[in-house]
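A structural walkthrough
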Amino acid sequence: MAEQHTDRNKLFPVFLKLDELKVLILGGGAVGLEKLSALLKNDPEANVRLVGLTVQDEIKTLGERHPNVEVLVKKFGLEDFDDVDLVILATDDRELHVRVKKMAKAYNLLVNVADTPDLCDFYLGSTVSKGPLKIGISTNGLSPTFSKRFRELLEEVLPDETPRLIRSLNKVRERLRGDFAFKVKKLNELTRGLVE
Ligand SMILES: C[C@@]1(CC(=O)O)c2cc3[nH]c(cc4nc(cc5[nH]c(cc(n2)[C@H]1CCC(=O)O)[C@@](C)(CC(=O)O)[C@@H]5CCC(=O)O)C(CC(=O)O)=C4CCC(=O)O)c(CCC(=O)O)c3CC(=O)O
Ligand SMILES: NC(=O)C1=CN([C@@H]2O[C@H](COP(=O)(O)OP(=O)(O)OC[C@H]3O[C@@H](n4cnc5c(N)ncnc54)[C@H](O)[C@@H]3O)[C@@H](O)[C@H]2O)C=CC1
């Protein structure tokens, strides 16, 4: 029973608008590239500033292809926090991570630290997209590999007509006249067949 309790995933999922927020990624190596790719996979228009003492060519190329991605080859400085909403630390310097996490806290910024769940305010999850549908997956840090495989499974099984179905339900939703309770009742009746 005690084990079940500690296993419960208490993380609260939210869906962020990366075209309105700005993310700072610190570190231009393999992990920096992985995190940048994860952001751009969800939104190619994502606002990102990536800062690294050294920066891989693949990251520089992404910076050239995405106008909202700023790539700076330099040492971290407090000015990198300007206009930033979220921070992802992905350098190979753990002491730097501890220091930058403290500074970010003073600026009220939320921080993800690669490889160090204890220092993270939030985790990245695996994400599945099908048109307007997005599903986020988390194992509470226990097995990112499970998240990845489960994402692959969902990508396989979600019907291709899912986006069309969501759009038609949106049309019905917009056409329905009546008060809130009536709309909820009507939409629930219409969609009952999806789960029975
Ligand atoms: C806690 C968390 C914090 C965070 O990073 O946000 C975290 C932490 C750590 N990851 C590690 C390793 C790996 N991470 C991946 C992959 C992903 N990791 C992601 C998220 C998260 N990783 C958060 C929890 C998410 C959850 O609860 O499910 C994904 C979902 C999103 C993303 O990062 O983009 C992305 C899948 C994207 C997709 O869908 O494909 C693979 C698999 C692979 O690459 O094939 C491996 C190797 C195999 C393995 O270990 O399982 C290590 C050990 C490092 C070491 O050993 O040195 C730590 C540190 C630790 O656990 O201490
Ligand atoms: N490579 C991988 O797939 C994995 C790596 N990790 C861990 O994640 C961390 C990062 O890994 P990699 O990206 O492979 O390392 P890397 O060595 O390729 O990249 C580190 C980056 O941090 C930058 N950096 C260091 N100090 C800096 C500073 N003061 N200001 C700005 N930039 C600075 C470097 O210039 C470089 O771009 C390491 O701690 C590693 O152990 C964990 C899991 C997997």
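Shown above is the structure to which this text applies.
My aim in this report is to walk through the structure given alongside it, one point at a time. (Residues numbered from 1 in each chain as written. Chains lettered and ligands numbered in written order. Predicted model: local features only at pLDDT ≥ 70, side-chain atom pairs only at ≥ 80, totals over all residues. Heavy atoms only, no water.)

The full set close to ligand 1 counts 18 residues, and Ser126, Gly141, Ser147, Lys148 and Arg151 are the nearest of them. Side-chain polar atom of serine 147 to an oxygen atom of ligand 1: 2.5 Å apart, as the coordinates give it. A distance of 2.6 Å separates an oxygen atom of ligand 1 from a polar atom in the side chain of arginine 151. Relative to its free-state accessible area of 1,100 Å², ligand 1 is covered by the protein chains to the extent of 66%. If you list the elements that add at least two residues to the shell around ligand 1, you get α2 (30–42) and α5 (144–157). When residues of the shell around ligand 1 are assigned to their parent elements, the largest contribution, 5 residues, is made by α5. Both domains that meet at the shell around ligand 1, namely domain 1 (2–123) and domain 2 (125–158), each give it at least three residues. (Near = heavy atom within 4 Å. Polar contact = N/O pair within 3.5 Å; in protein donor to acceptor, adjacent residues only side chain to side chain. Areas by Shrake-Rupley, 256 points an atom, 1.4 Å probe, with all protein chains shown as cover. Helix = DSSP H or I, 4+ residues; strand = E, 2+ residues; numbered from the N terminus. Domains from an automatic or database assignment.)

Looking now at a nonpolar patch on the surface. Together, Phe146, Phe150, Leu153 and Val157 line one region of the surface with nonpolar side chains, adding up to about 380 Å² of accessible area. Relative to the helices and strands, valine 157 resides in helix α5. (Patch = residues over 30% accessible without salt bridge, like charges linked within 9 Å, V, L, I, M, F, W, Y side chains within 5 Å. Salt bridge = Lys/Arg side-chain N within 4 Å of Asp/Glu carboxyl O.)

Right, let's talk about the side chain of aspartate 80 for a bit. Inspection of the secondary structure assignment puts aspartate 80 in the loop between β3 (69–73) and β4 (86–89). At 2.7 Å, the side chain of aspartate 80 and the side chain of lysine 74 are in polar contact. Excluding residues that lie within four positions of it along the chain, aspartate 80 makes contacts with Leu24, Arg49, Val51, Leu72, Lys74 and Lys75. (Contact = heavy atoms within 4.5 Å.)

With that settled, consider the site of ligand 2. Every one of the 17 residues lining ligand 2 counts as a neighbour, but Gly28, Val31, Leu53, Thr54 and Phe76 are closest to it. Taking glycine 29, its main chain carries an N or O atom lying 3.4 Å from an oxygen atom of ligand 2. Alanine 30 is positioned with one of its backbone polar atoms (N or O) 3.1 Å from an oxygen atom of ligand 2. For ligand 2, the protein covers 67% of the area, taking 840 Å² as the surface of the free molecule. Under a 2 Å grid-point criterion requiring more than half of the atoms, the pocket assigned to ligand 2 is the second largest pocket. Mapped onto the shell around ligand 2, the elements with two or more residues apiece are β1 (22–28), α2 and β2 (47–55). (1 Å grid on protein atoms, 1.4 Å probe; cavity = no way out; pocket = protein on both sides within 12 Å on 5 of 7 lines; lining within 4 Å. Sits in = over half its atoms within 2 Å of the grid points.)

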